[in-house]
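Listed below, chain by chain, are the residues.
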Amino acid sequence: MVAPPAHLPSPAPALGNDEVLRIRNDFPILNRPVNGQPLVYLDSGATSQNPTSVLEAEQEFYEQRNAAVHRGAHHLAVEATDVFEDARETVAAFIGAGVDELIWTSNATEGLNLLSYSFLNASLPGAPAEAARFALGAGDRIVVTEMEHHANLIPWQQLAARTGATLDYIPVDDSGALDLEAAARLIGPRTRVLAFTHASNVLGTINPVNDLVALGRAVGALVVLDACQSAPHLELDVKALDVDFAVFSGHKMLGPTGIGGLYGRSELLNAMPPFLTGGSMITTVTMDRAGFLPSPQRFEAGTQRISQAVALAAAANYLTETGLARIHAWEATLGQRLVEGLEAIPGIRVLGPAAGRERIGLAAFDVAGVHAHDVGQFLDSRGIAVRVGHHCAQPLHRRLGLTASTRASTYLYNTTDDVDAFLDAVAGVRPYFNA
Ligand SMILES: Cc1ncc(COP(=O)(O)O)c(C=O)c1O
């Protein structure tokens with residue numbers, strides 16, 4: 001069986017350095033040196049590291065149960081199906097969804113494309129009557145925000161271009177928050193889809209989901225939440241948030257790459273046209289037509305990511321056992337330490353909420369006179385891993401007057417020493433480059 005986390009859960013309201021040091025023992029990669037220095041991993045916003053329990057869950061699947069799910073009559077296929085569906089139950093519960101409301105995808109990007117392609121299919125001539133509520137056409141509007149990751153922008157651009165709908169965006173104000181007055185003006189009776197991120201992968205802003213959902217609900221729009229930067233870090237309850245759909249990626253929440261999830265309210269999923277078609281998602285097939293299974297199989301054509309789902313469930317269990325509220329509280333502390341430290345360094349401009357204001361545990365910043373790629377290399381030479389570039393948010397960077405920034409992002413395995421080592425190194429960037 002898969003080993004539980006080596007650290008013992010503690011009742012303290014937030015993690016602390018001592019507990020984080022025990023947590024780090026569960027993550028083998030954190031012990032390797034980089035460029036002759038201890039690794040300081042501050043790129044979990046891009047992809048997180050895996051605890052031993054996740055690595056073992058995937059390996060155990062291949063060593064003990066590897067078989068295709070759902071169709072096999074043999075013992076291994078039955079066991080594989082059981083662990084695959086158990087994994088769905090675990091991850092669905094992790095986000096507060098019903099078990100038939102969680103569709104496995106490759107990642108959040110695929111989940112968002114699934115929605116936009118399904119709505120496109122609903123807009124085509126000959127689409128089934130029950131799909132009419134998802135059909136878009138000229139005059140309809142899709143609303144996103146200016147802080148979206150490209151994954152939650154381009155699929156909607158494409159849907160708008162193909163259906164004749166219009167894409168609007170809620171602007172970001174100078175403090176890094178969404179302009180809610182503009183949102184109230186933009187979201188109107190023709191708004192059919194409202195898609196926004198729970199937390200910004202650049203600004204760290206946590207958006208007011210309840211306010212936005214209320215605006216969407218008032219006009220009958222379908223509300224889509226990008227939970228990529230929230231599901232790994234805070235207690236997520238999609239039912240309590242009252243969104244229609246939500247997406248997340250496993251690799252950002254201690255799981256493997258190649259797996260993510262799409263939550264959808266079951267009555268919606270069962271009325272939506274499929275995105276991908278083929279094996280495993282059908283009822284009866286003739287040479288000229290096919291009937292489709294209900295959700296989730298309706299959206300899971302072909303052989304699935306079975307070992308990845310099993311490993312993602314192990315990741316969800318690890319996070320639940322550690323306590324999402326405690327992780328969130330610790331990362332909020334690290335986030336504030338990052339921002340306060342960065343703001344104190346001459347020539348650094350922190351993007352997003354100022355020190356003291358709520359943010360997730362990441363901070364992106366600009367270094368006057370030094371390109372982000374140079375900053376990243378300088379930090380890497382000291383064993384510090386950060387992200388540089390536009391972070392798949394070009395419109396947001398344009399709004400901020402930048403083409404690129406550097407981002408440090410924390411997770412449950414980062415200590416205050418990690419943050420301090422990073423801040424020390426950042427303080428050396430401008431002198432080093434004579435900026
Ligand atoms: C807010 C947000 N949305 C979507 C994505 C896309 O995630 P993936 O590349 O795993 O599909 C990311 C990844 O950085 C993200 O931060």
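Heads up: these notes are all about the structure in this document. Just so we're clear, the structure is a prediction, and the values are computed from it rather than from any experiment.

**So, the overall build of the chain**
In terms of regular secondary structure, the chain is built from 15 helices and 17 strands. For 435 residues, the compact-globule formula gives about 22 Å, and the C-alpha radius of gyration of the chain, at 22 Å, lands near that figure. Relative to its 435 residues, the chain shows a buried fraction of 55%. Looking at the chain alone, contacts between residues at least 24 apart form 71% of all its contacts between residues at least 6 apart. Counting only carbon and sulfur atoms, one obtains 53% of the accessible surface of the chain, whose full area is about 17100 Å². Computing the positive centroid from 30 side-chain charges and the negative centroid from 46, the chain places the two 6 Å apart.

**Comments concerning the site of the ligand**
By nearness alone, 13 residues border the ligand, and T109, D226, S249, H251 and K252 come closest of all. At 2.5 Å from an oxygen atom of the ligand is found a side-chain nitrogen or oxygen belonging to T109. Between D226 and the ligand, the recorded distance is 2.5 Å, taken from a side-chain N or O atom to a nitrogen atom. Protein coverage of the free-state accessible area of the ligand, which is 390 Å², stands at 88%.

**Examining unusual backbone geometry**
Here S295 and P296 are connected by a cis peptide whose omega angle stands at 5°. Residue N35 is not a glycine yet carries a positive backbone phi of 55°. Structurally, the position occupied by N35 is in the loop between β1 (33–34) and β2 (37–38). Residue C392 is not a glycine yet carries a positive backbone phi of 55°. Within the secondary structure, C392 is located in the loop between β16 (387–389) and α13 (394–399). Residue class for C392 comes out partly exposed when judged on its relative accessible area of 32%.

**Some words on the nonpolar core**
With 101 residues, the main nonpolar core has V243, L412 and F422 as its most contacted residues. Sorting elements by how many residues they give to this core places helix α10 (residues 306–322) first, with 11 residues. The residues contacting L412, other than those within four sequence positions of it, are L15, V20, I23, F27, L254, Y318, L319, T322, I327, W330 and E331. Counting 32 residues, the second-largest nonpolar core is a separate cluster that includes L153, A160, V193 and F299.

**Some words on helix α7 (residues 209–218)**
Here α7 has its buried residues at V209, L212, V213 and G216. In a view along the axis of α7, the buried residues occupy a sector of 100°, so they form one face of it. Exposed positions of α7 whose direction lies more than 90 degrees from the buried face are N210 and A218. The elements touched by buried residues of α7 are β6 (166–170), α6 (180–186), β7 (191–197), β8 (222–226) and α8 (238–241).

**Let's talk about the sheet that holds strand β5 (residues 141–145)**
Overall, mixed pairing links the seven strands, which are arranged β4-β10-β9-β8-β7-β5-β6 in an open sheet. Each having just a single partner strand, β4 (102–105) and β6 make up the two edges of the open sheet. Direction aside, the axes of adjacent strands within the sheet are offset by 20° on average. Relative to β7, β5 runs parallel, the two being bridged by three bridges.

**Brief notes about the packing of aromatic side chains**
Summed over the entire model, instances satisfying the criterion amount to 13 aromatic pairs. Ring plane angle 55° and centroid distance 5.0 Å describe the contact between F378 and Y432, whose orientation is recorded as tilted. Residue F378 is located in helix α12 (residues 372–380), and its partner Y432 is located in helix α15 (residues 429–432); the two are separated by 54 residues in the primary sequence. Exposure remark for Y432: the relative accessible area of 55% places this residue in the exposed category. Ring centres of Y432 and F433 lie 5.0 Å apart, and the angle between their planes is 80°; this geometry places the pair in the edge-to-face category. What links up through ring pairs into an aromatic cluster is the set F27, Y318, Y411 and Y413. Above the ring of F378, the side-chain terminus of R382 is found at 3.7 Å from the ring centroid.

Rules used in this analysis
Sequence positions are assigned chain by chain, starting from 1 and proceeding in written order. Local features in this predicted model are restricted to residues whose pLDDT is 70 or higher, and side-chain atom pairs enter the listing and the counts only when it is 80 or higher, whereas totals over whole chains, interfaces and linings include all residues. Computation of side-chain values covers all heavy atoms of the structure but excludes hydrogens and water. Helix and strand definitions here come from DSSP, where helices need a minimum of 4 consecutive H or I residues and strands a minimum of 2 consecutive E residues; each element is numbered from the N-terminal end. The atom set for the radius of gyration is the C-alpha atoms, and the globule formula is 2.2 Å times the number of residues raised to the power 0.38. Three exposure classes are used, based on accessible area relative to the maximum for each residue type with a 1.4 Å probe and protein chains only: buried under 20%, partly exposed in between, and exposed over 50%. Pairs of residues are marked as contacts when any of their non-hydrogen atoms sit within 4.5 Å. All accessibility values rest on the Shrake-Rupley procedure with a 1.4 Å probe; residue burial counts only the protein chains present in the view. None of His or the chain ends enter the tally, which takes Lys and Arg as positive and Asp and Glu as negative. Where a charge lies is defined by one atom per residue type: Lys uses NZ, Arg uses CZ, Asp uses CG and Glu uses CD. Think of it this way: one heavy atom of a residue within 4 Å of a molecule or strand is enough to make that residue near it. Residues adjacent in sequence count toward polar contacts only when both atoms are side-chain atoms; beyond that, a polar contact is any pair of N or O atoms within 3.5 Å, and within protein one must be able to donate a hydrogen and the other to accept it. For our purposes a nonpolar core is just a set of buried Ala, Val, Leu, Ile, Met, Phe, Trp, Tyr and Cys residues, chained together by side-chain atoms within 4.5 Å. The directions considered for the arc run from the helix axis to the C-beta atoms. At least two bridges found by DSSP between two strands is the condition for calling them paired. Axis lines are fitted to C-alpha atoms, over the contacting stretch for helices. Their N-to-C directions set the angle, which ranges from 0 to 180 degrees. Aromatic rings from Phe, Tyr and Trp, taking only the six-membered ring of Trp, are treated as a pair when their centres fall within 6.5 Å; an angle between ring planes under 30 degrees marks them as stacked, one over 60 as edge-to-face, and anything in between as tilted. For a lysine, the NZ atom is tested; for an arginine, the CZ atom; a charge sits over a ring if that atom is within 6 Å of the ring centre and within 35 degrees of the ring normal.

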